[in-house]
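Coordinate inspection notes
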Amino acid sequence: MEKGKKADGYEDIKGGTPVDFRFSPPSQVRLQLSELDVRFREAPWNLRRLLNRVDPLRPGLLLKSALFEILYGMPGELKGDQLRFSELMARMGQLVRPPSKEDGPEALVKWWNGFWDRFDRRLGLYEISSDQQIEFDAEGRRLGFQAHEGVKFKLRESPAGKIPYKYPILGVHDDSKDLASKHEEGGLAGGFAYPFESAALYEALWRNPVSLSGHVERLIFSALGAWGNQSAVFDEGRLKISAEVEMGRLSLLRVERIGRIGCLGNHARHVIIYQRSVAPTEQFASQQDALLGAPVLRKSREFIELIQPVRSYPDYPSANVMDASMLQGCRFNSRTIAVDSRWGEDVGPPKGPAWGWKVPLWRNTGTPDENYPKPQVDLLFAPTEPACPQVPGEVLDPEKLYFYTDTRAGTGSNPDQWPSVPDIDVDPYAFDTKQEEDEEEKNKKPTESKPVPALLDGSNSRFTLFVSTNGLGANLIAGRSAGAMTSVIKNVSISRGGVSKNESVGDVLQFPRLVDNAGAEIRQLLESNGSAFTKAQNLYKTVEDNNGEALKRIKDSLSNQFSDEIIKKKQLSCFAANFAQRRRVLLLLLIKLW
């Protein structure tokens, strides 16, 4: 595979020398010699008679199982009912018998006999078929054999535990040395593994080397290699590896990774495609050695594909309509966004395993790049009149948006259930603590309360998106009041919290959200009747009782995850001040109720 230039540290394919090539282990098939309980059967070594028997309904023999490896390093197993194994022409029909001299002119008879002899001695092609398969769909596209059940793939290691290919990540990370040491020195720069460019993603693949599900179609074997398409799903359903193989040569390799757009939450997938060609594609021509005329497998495309182009807010089950207010949705007009893995990086604490991987949707280089056009993204704001359409605001700085995929064990394949990640979904430094008073000032005014820290100026924050609504105004108080307050939106700051209690990094944000939710419920109770005070009092008591426990969780979390004392102090002081402010609001609400 050709991933990068030799000058950049890659040694994939050397010009003027043979390309490194490896053979997969031979395929093995188990066949049922006869479908009937008979006393005498065909000799099992007479494969020509057994597999070339012409019968469009029951060609060849019943297939019990097949072991094959058409993608190097990823052996597959196929089991199923009513599968058949036969020579290709046994199902499609053989040519008519050679004619004799009495059947026509001598020249024609001689030509036909020569053609029939060459056809009879051609390469044998043995295909797997099913009694239920559909050859063509309604639009005339070929379907052929397809199997979604009974297919399993596994990543191959040598008996000594070595991995027979080159470690794919350029520049080994400290947390990936154990896995890197298992790869064979001088191993193949190819197979299923080589497209990976992130240690976190590659390690997540090997966490469980057996696929969750698999798919094969149009599988044909020969003595010189196989034809077929296959796909396998790994890593809790977050990773899919697909391949197209022709006569034992890999023609196309596609690696897909499920993820989401940070802050906005739209579901998306990251896709890398390697394709056999005689010249590099325009997107990666500057990153690869040309090797013009050589039919090698090259990295040809890489992009983010939006699975969920439009997402409405609020977008979680426990949401209150006030959580989103004027921001009602996000729409990606660019459904496919070209990116480069070299822009990305693993995400995680300074010490310890990575949480995931991120890549920006765009890089603002100051000059237009046809290979990486600027993504078209709209934030959808509440209209001033309910009957009017939503007000679109084009995001002017999409380079602040990131694709993120989680690699932690147990988080699953649903991006909505992944914990919020600092610097991806939430800004951990949302408050400025420079207003803290020094010890001398505190001693002078011991009775005065500490001022609430002011919000940071969001103009340079990665979590503040600048938008253009073309002068259209949006309702700033949508969902908060029956009236309307109109303004032209210039920028919006978006940050997400509400992570799982099991995630230590989320404790910093979990408790403030609890207070917010309680405050929203109390405000609703104020407008109702009956036992409003009792319910509000119980809610407040819950918040008060959990205060100490939450602060302890936050201290422990920060101590475990951050070695920098300044960061710990900043995180804790921000939370404490923020909580104190919200606690006073709740207290005022209760006094008003009383």
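Residues numbered from 1 in each chain as written. Predicted model: local features only at pLDDT ≥ 70, side-chain atom pairs only at ≥ 80, totals over all residues. Heavy atoms only, no water.

1. Here's the deal with the overall build of the protein chain
When its secondary structure is counted, the protein chain shows ten helices and 29 strands. Taking all 594 residues of the protein chain together, the buried fraction comes to 43%. Of the contacts made within the protein chain by residues no fewer than 6 positions apart, 65% connect residues no fewer than 24 positions apart. Surface exposure of the protein chain reaches about 31800 Å², of which carbon and sulfur atoms provide 52%. (Helix = DSSP H or I, 4+ residues; strand = E, 2+ residues; numbered from the N terminus. Buried < 20%, exposed > 50% of the residue type's maximum accessible area, 1.4 Å probe, protein only. Contact = heavy atoms within 4.5 Å. Areas by Shrake-Rupley, 256 points an atom, 1.4 Å probe, with all protein chains shown as cover.)

2. As for the packing of aromatic side chains
The description of two aromatic rings rests on the distance between their centres and on the angle between their planes. In total, this model carries 15 aromatic pairs according to the counting rule given. Each ring, one from Phe 21 and one from Phe 23, has its centre 5.3 Å from the other, and the planes form 80 degrees; the classification is edge-to-face. On the basis of relative accessible area, Phe 21 is assigned to the partly exposed category, the value being 45%. Classification of Phe 23 by relative accessible area gives exposed; the value is 72%. Both rings, one in Phe 68 and one in Phe 221, keep their centres 6.4 Å apart while their planes meet at 65 degrees; by these two values the pair is edge-to-face. With Phe 68 in strand 2 (residues 61-68) and Phe 221 in strand 12 (residues 213-221), this pair connects stretches of sequence that are 153 residues apart. Connected via pairs of aromatic rings, a cluster forms that spans Phe 68, Phe 85, Tyr 126, Phe 153 and Phe 221. Positioned above the aromatic ring of Tyr 72, the side-chain terminus of Arg 156 is 4.9 Å from the ring centre. (Phe/Tyr/Trp six-rings, centres within 6.5 Å; stacked < 30°, edge-to-face > 60°. Lys NZ or Arg CZ within 6 Å of the ring centre and 35° of its normal.)

3. Some words on the pairing of strand 12
Taking burial as the measure, the nine residues of strand 12 include seven buried ones, the bulk of the element. In this sheet, strand 12 lies alongside strand 5 (residues 126-130) in antiparallel orientation, the contact comprising two bridges. Its bridge partner lying in strand 12, Glu 127 is registered against Ile 220. Here strand 8 (residues 146-147) pairs with strand 12 via two bridges, running antiparallel. Of the residues in strand 12, the one forming a bridge with Gln 146 is Glu 217. Here strand 12 runs beside strand 13 (residues 227-234); their pairing, made up of six bridges, is antiparallel. Considered in strand 13, the bridge of Ile 220 is made with Trp 227. Counted along the chain from strand 12 to the antiparallel partner strand 13, the turn is five residues long, and its residue Gly 225 has a positive phi close to 125 degrees. (Pairing = 2+ DSSP bridges.)

4. Description of the side chain of Gln 287
Relative to the elements of secondary structure, Gln 287 occurs in the loop between strand 16 (267-277) and strand 17 (296-306). Looking at Gln 287, the relative accessible area reads 13%, which means it is buried. Not counting residues up to four positions away in its chain, the partners in contact with Gln 287 are Lys 3, Gly 4, Lys 5, Asp 8, Asp 340 and Arg 342.

5. Quick look at the sheet that holds strand 18 (residues 310-312)
The antiparallel open sheet is built from six strands, whose spatial order is 18-19-23-24-26-29. Each end of this open sheet is capped by a strand with a single partner; those strands are strand 18 and strand 29 (491-493). With direction set aside, neighbouring strand axes in the sheet form an average angle of 30 degrees. (Axes fitted to C-alpha atoms, helices over the stretch in contact; angles between N-to-C directions.)

6. A few points about the pattern of salt bridges
Counting across every chain of the model gives 28 salt bridges. For Lys 299, the salt bridge is made with Glu 197, and the minimal N-O distance between the two is 2.6 Å. Of this pair, Lys 299 sits in strand 17 while Glu 197 sits in the loop between strand 11 (183-188) and helix 5 (199-207), and the two are 102 residues apart along the sequence. Here Lys 299 falls in the buried class, since its relative accessible area comes to 2%. Taking relative accessible area as the criterion, Glu 197 reaches 21% and is therefore assigned partly exposed. Two residues, Arg 254 and Glu 305, come together in a salt bridge whose shortest N-O distance is 3.6 Å. Of this pair, Arg 254 sits in strand 15 (residues 249-261) while Glu 305 is found in strand 17, placing the two residues 51 residues apart along the sequence. Each of the salt bridges in this network shares a partner with another, and the network as a whole consists of Arg 207, Asp 235, Glu 236, Arg 238 and Arg 257. (Salt bridge = Lys/Arg side-chain N within 4 Å of Asp/Glu carboxyl O.)

7. Some details on helix 5
The buried fraction of helix 5 is high, at seven of nine residues. Residues of helix 5 that are buried include every one of Ala 199, Ala 200, Leu 201, Tyr 202, Ala 204, Leu 205 and Trp 206, and no others. The N-cap of helix 5, judged by a side-chain oxygen 3.3 Å from the amide nitrogen of Ala 200 a few residues on, is Ser 198. (Polar contact = N/O pair within 3.5 Å; in protein donor to acceptor, adjacent residues only side chain to side chain.)

8. Here's the deal with the confidence of the model for the protein chain
Averaged over every residue, the pLDDT of the protein chain is 79; residues scoring 70 or more account for 75%. Confidence over residues 444-459 falls short of pLDDT 50; this stretch has 22 contacts with residues more than four positions distant or in other chains. The low-confidence segment residues 589-594, where pLDDT is below 50, has eleven contacts with residues more than four positions distant or belonging to other chains. (pLDDT = per-residue confidence, 0-100.)

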